[in-house]
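# Chains, contacts and geometry: an overview
One letter stands for each residue in the lines below.
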Amino acid sequence: MTERPARYGFPARLWRGLGRHPAPGVDRLHRWRSPLRGPWLTSVFGFALLIGLPIVILTGLLSYIAYGPQFGQALPVAVGWLKLPTFDWPTRPVWLYRVSQGLHVGLGLVLIPVILAKLWSVIPRLFAWPPSRSIAQVLERLSIAMLVGGILFEIATGVLYIQYDYIFGFSFFPAHYYGAWVFIGGFLMHITLKIPRMVKGLRSMSLRNVLHTSRADTRPEQPDPDELVAAHPASPTMSRRGVLSLVGGGVVLTALITAGQTIGGVARHLPLMLPTGDTTGKGPNDFRINKTAMGVGVDPGSTGDRWRLTLRGGRTPVVLTRDELTAMAQHSARLPIACVQGWSTVQSWSGVRLAELAALAGVPEPRSALVSSLGQKGYFNRVTLQANQIGHPDAMLALRVNDANLSLDHGYPARIIVPALPGVHNTKWVTSIDFKAR
Ligand SMILES: Nc1nc2c(c(=O)[nH]1)N[C@H]1C(S)=C(S)[C@@H](COP(=O)(O)O)O[C@H]1N2
Ligand SMILES: [Mo]
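This write-up is about the structure you can find in this document. The model shown is predicted, which means the values in this text are computed figures rather than measured ones.

Parameters and conventions
Residues numbered from 1 in each chain as written. Chains lettered and ligands numbered in written order. Predicted model: local features only at pLDDT ≥ 70, side-chain atom pairs only at ≥ 80, totals over all residues. Heavy atoms only, no water. Helix = DSSP H or I, 4+ residues; strand = E, 2+ residues; numbered from the N terminus. Buried < 20%, exposed > 50% of the residue type's maximum accessible area, 1.4 Å probe, protein only. Lys, Arg positive; Asp, Glu negative; His and termini not counted. Salt bridge = Lys/Arg side-chain N within 4 Å of Asp/Glu carboxyl O. Polar contact = N/O pair within 3.5 Å; in protein donor to acceptor, adjacent residues only side chain to side chain. Contact = heavy atoms within 4.5 Å. Near = heavy atom within 4 Å. Areas by Shrake-Rupley, 256 points an atom, 1.4 Å probe, with all protein chains shown as cover. Nonpolar A, V, L, I, M, F, W, Y, C, P; charged D, E, K, R; others polar. Axes fitted to C-alpha atoms, helices over the stretch in contact; angles between N-to-C directions. Left-handed = near helix turned anticlockwise from the far one by under 90°. Patch = residues over 30% accessible without salt bridge, like charges linked within 9 Å, V, L, I, M, F, W, Y side chains within 5 Å.

### Concerning the side chain of Asp-224
- Here Asp-224 shows up in the loop between α7 (207-211) and α8 (240-263).
- One buried charged residue, Asp-224, remains without a salt bridge, the closest side chain of opposite sign being Arg-125 at 7.1 Å.
- Among the polar contacts made by the side chain of Asp-224, one reaches the main-chain amide nitrogen of Val-229 at a distance of 3.1 Å.
- The contact partners of Asp-224, leaving out residues within four places of it in the chain, are Pro-39 and Val-229.

### Quick word on the site of ligand 1
- Surrounding ligand 1, one finds 20 residues, the nearest of these being Arg-288, Ser-373, His-410, Arg-415 and Lys-428.
- Within the backbone of Asn-290, an N or O atom sits 3.3 Å from an oxygen atom of ligand 1.
- Look at ligand 1: alone it shows 530 Å² of surface, and the protein chains cover 98% of it.
- Its residues placed into classes, the shell around ligand 1 shows nine nonpolar, seven polar and four charged.

### Side note on the packing of helix α5 (residues 135-162) against helix α6 (residues 172-203)
- Packing of α5 against α6 brings their axes to within 7 Å, and their N-to-C directions diverge by 145 degrees. The two elements α5 and α6 meet at a crossing, and its hand is left-handed.

### Notes on a nonpolar patch on the surface
- Nonpolar side chains collect at one region of the surface, where Ile-55, Trp-95, Val-99 and Leu-103 lie side by side and expose about 340 Å² of accessible area between them.
- One can find Ile-55 in helix α2 (residues 39-66).
- Ile-55 sits in the partly exposed class, given a relative accessible area of 34%.

### Notes on unusual backbone geometry
- Cis geometry marks the peptide bond from Arg-92 to Pro-93, where omega comes out at -10 degrees.
- Along the chain, Pro-93 turns up in the loop between α2 and α3 (96-110).
- Located in the positive-phi region is Glu-227, a residue other than glycine, with phi close to 60 degrees.
- Within the fold, Glu-227 resides in the loop between α7 and α8.
- Given the relative accessible area of 53%, Glu-227 is considered exposed.
- Residue Asn-402 is not a glycine yet carries a positive backbone phi of 50 degrees.

### Details of the environment of Thr-86
- With respect to the helices, strands and loops of the structure, Thr-86 is situated in the loop between α2 and α3.
- Residues Thr-86 and Ile-65, 21 residues apart in the sequence, show an inter-C-alpha distance of 6.0 Å.
- In contact with Thr-86, other than residues within four places in its own chain, are Ile-65, Pro-69 and Gln-70.

### Describing the pattern of salt bridges
- Counted according to the given criterion, the structure contains three salt bridges.
- Close ionic contact of Lys-194 with Glu-140 constitutes a salt bridge, the shortest N to O distance being 3.1 Å. Here Lys-194 is found in helix α6, whereas its partner Glu-140 is found in helix α5, with 54 residues between them in sequence.
- Here Asp-434 ties to Arg-312 by a salt bridge, and the two come within 2.9 Å at their closest N and O atoms. Of this pair, Asp-434 sits in strand β12 (residues 430-437) while Arg-312 sits in strand β3 (residues 309-312); the two residues are 122 residues apart in sequence, bridging distant segments of the chain.
- Judged by its relative accessible area of 34%, Arg-312 falls in the partly exposed class.

Purely geometric stuff here, so don't read any function into it on its own.
Printed below as a string of structure tokens:
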């Protein structure tokens, strides 16, 4: 049997058939007639995303590694062949996680207006009909489905998660992790195919000229092979510089709203800085509380005089009262808490060095430590710390913050504070630490 050329075969019949039966709404495509659509505008948005999105991707993957997948405490726990090379997350510089996670969430948020503008600029193409005419086009469509579906899914899950209004029936962490890989796959295919066209598109007009062109003088771009330029463009209702300022304004506004979460103090209370349902403490303890003692099921009765800290790892467990801890050498340091949700806060902590507690427990050179909390609910009441996180001279079991006792919601009687550690691993209401020897 000989191979028949595609134009006579089943694929050709299928595509002709599809062409005769457009999907509902496809005939309305000609209504998308903005004269601003074209290779230049799409390339400008594409260029901004080409710079920004790799940073969001890399810092996202780094955050997964920072959680310590080697201890089975990164979520999702088992990721099959999507397993990343793991390494001991550094403790220096102390602001490492603050910056990397701040970039992941902050940049991810401020790019949303650019992503929406980019989608708007190509929207007629997303609904092109028939969807594909060749194997190459099928692959291109697939990459676009992964790219667009992936980014919208990551935005939806990410934004809802940081706003405490995570409405989905599935868990955030696996969804955001696997969604990221779908998006990364689409993104890599897409930039491989489109970078040459982006370069050509950027060269087709000068930004200077665009910024000096009023609405009245705005003309459609030259018809292009990708058919981004409308066949029958309408007259402009806005100039290209107007679109750029609109999107730029959206970026600045998002940046302002987002930064307020981290700047703290007065900024956190400005009406512009969207409230996210978080609570804060009073006086020296007036900084953001993510999970309250009640929220994670800490029994207040167990945090009073009856509270003891148990250190294990040596021959016999060492049990300490809070007074015994405060009688030990106190260490102070200004260190950040940097939450996976992007906000962070720097406070002055004081307490007992973890290295000193390890020595007291009889494990002077611990390989790791399992920290347990009085908390009953949630994923993070037991956390493993690495050797470098125990040994850093500023790593401590904090008893006080800003010269006052920790408030109950900030972890009283004692909490972990370790440089560059993801916020959630700074365990509050610590009840025991198991040091494991080398
Ligand atoms: N036991 C326990 N510790 C915890 C948490 C928790 O849910 N349970 N939340 C963590 C999270 S998500 C963060 S970001 C920090 C926040 O500390 P703060 O509430 O004192 O600002 O504490 C961490 N410590
Ligand atoms: Mo957090």
